[in-house]
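Residues per chain, in single letters:
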Amino acid sequence: MHADTYRHRGQRRTLVEELRRKGIRHERVLAAVLAVPRHAFFEAGFEAHAYQDKAFPIGEGQTISQPYTVAYQTALLDPSPEHRVLEIGTGSGYQCCVLLELTPHVFSIEYQPVLFERTGRRLAHLHRQAHLFCGDGSVGLPQHAPFDRILVTAGAPTLPRPLLRQLRVGGCLVIPVGDAQVQRMVRVTRVSEEEFTREEFEEFRFVPLLGQAGWAS
Ligand code: SAM
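In this text the structure is predicted, and so the values were computed from the model without any measurement. (Residues numbered from 1 in each chain as written. Predicted model: local features only at pLDDT ≥ 70, side-chain atom pairs only at ≥ 80, totals over all residues.)

(A) How the structure looks around the overall build of the protein. Check the secondary structure of the protein and you find six helices and nine strands. Whereas a compact globule of 217 residues would reach a radius of gyration of roughly 17 Å, the protein reaches 16 Å, a difference of no more than 12%. Along the longest, intermediate and shortest principal axes, the C-alpha atoms of the protein span 50 × 35 × 35 Å. For the protein, the proportion of its 217 residues judged to be buried stands at 44%. Taking all contacts inside the protein whose residues are at least 6 apart in sequence as the whole, residues at least 24 apart take part in 53%. (Helix = DSSP H or I, 4+ residues; strand = E, 2+ residues; numbered from the N terminus. Rg over C-alpha atoms; globule rule 2.2 N^0.38 Å. Buried ≥ 20, exposed ≤ 12 C-beta atoms within 10 Å, placed from the backbone. Contact = placed C-beta atoms within 7 Å.)

(B) Seen up close, the UniProt feature "active site" (unreviewed entry) in the protein. In this numbering, the UniProt entry assigns the feature "active site" (unreviewed entry) to Ser 65. Within the secondary structure, Ser 65 sits in the loop between strand S2 (62-64) and helix H3 (67-77). If sequence neighbours within four positions are ignored, Ser 65 has contacts with Ala 55, Val 70, Gln 95 and Thr 153. (UniProt positions renumbered as here; feature names shortened; annotations may be inferred.)

(C) Representation of the environment of Val 114 in the model. Topologically, Val 114 is positioned in helix H5 (residues 113-125). Judged by C-beta crowding, with 12 C-beta atoms within 10 Å, Val 114 ranks as exposed. Val 114 has contacts with Gly 59 and Glu 60, leaving out every residue within four places of it along the chain.

(D) Representation of the site of the ligand in the model. Residues in close proximity to the ligand total 26 residues, the closest being Gly 89, Gly 91, Gln 95, Gly 137 and Gly 211. Among the secondary structure elements, those contributing two or more residues to the shell around the ligand are S2, helix H4 (94-100) and strand S4 (106-110). When residues in the shell around the ligand are grouped by element, the largest group, three residues, is from S2. Residue composition of the shell around the ligand, grouped by class: eleven nonpolar, 13 polar and two charged. (Near = placed C-beta within 6 Å. Nonpolar A, V, L, I, M, F, W, Y, C, P; charged D, E, K, R; others polar.)

(E) Representation of the sheet that holds strand S3 (residues 85-88). A sheet is described by the order of its strands in space; here seven strands give the open sequence S5-S4-S3-S6-S7-S8-S9, paired in mixed fashion. At either margin of the open sheet sits one strand with a lone partner, and together these are strand S5 (131-134) and strand S9 (196-204). Between one strand axis and the next, the sheet turns through 15° on average, direction left out of account. Sheet topology places S3 next to strand S6 (residues 147-152); four bridges connect them, and they run parallel. In the strand pairing of S6, Val 85 is matched with Arg 149. (Pairing = 2+ DSSP bridges. Axes fitted to C-alpha atoms, helices over the stretch in contact; angles between N-to-C directions.)

Next comes the structure, spelled out in structure tokens:
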């Protein structure tokens with residue numbers, strides 16, 4: 001099941017061209033999108049949606065993010081092979097696998113136990129190895145900090161302080177911040193122990209980041 005055929009690879013090439021037309025220029029990120037079989041993250045019968053540039057439901061009221069959003073966030077994050085990366089919101093595991101194309105040191109945490117279990121099985125089946133956790137990622141993973149890169153794939157009401165504290169100096173956090181309807185993509189870089197710089201980018205619509213430093217569930 002979920003064999004990666006010549007047809008799928010052709011669909012991914014077309015998707016990558018679409019992302020390029022939409023402004024994604026980060027070649028290593030585009031190569032990662034080309035490498036990851038997105039159809040393997042869809043339930044049986046829904047694979048035909050995998051190479052459209054659209055978000056799609058994955059159960060538990062959650063979504064696999066739109067490829068453009070995944071590529072946009074990953075390009076802002078700009079991970080290198082030596083970086084330790086923390087992803088908040090494992091969901092289907094697709095973004096996690098895109099990150100694994102860029103560094104072998106990926107930690108990912110998911111709030112919903114059903115998704116955590118299902119995605120753990122999926123990544124094992126795909127022979128992709130990340131450090132997966134189930135719990136409230138809004139407070140990060142203090143026992144594995146510091147991280148060079150932290151990526152939040154759900155919309156936060158404010159910048160979660162625990163995540164800022166878990167950044168290595170020189171590292172950055174990419175996170176959508178806003179209200180329940182619309183969020184602005186923000187990148188925060190830790191320039192010294194005490195100093196952070198903040199940059200703002202496009203607006204997106206994400207499912208909410210729940211938990212202690214997110215929205216109340
Ligand atoms: N990155 C995912 C993918 O590639 O499929 C898409 C993520 S989906 C847009 C957002 C995910 O964040 C959902 O799976 C949701 O359950 C999870 N989430 C929300 N709040 C969370 C929290 N506090 N800690 C960890 N995961 C959280």
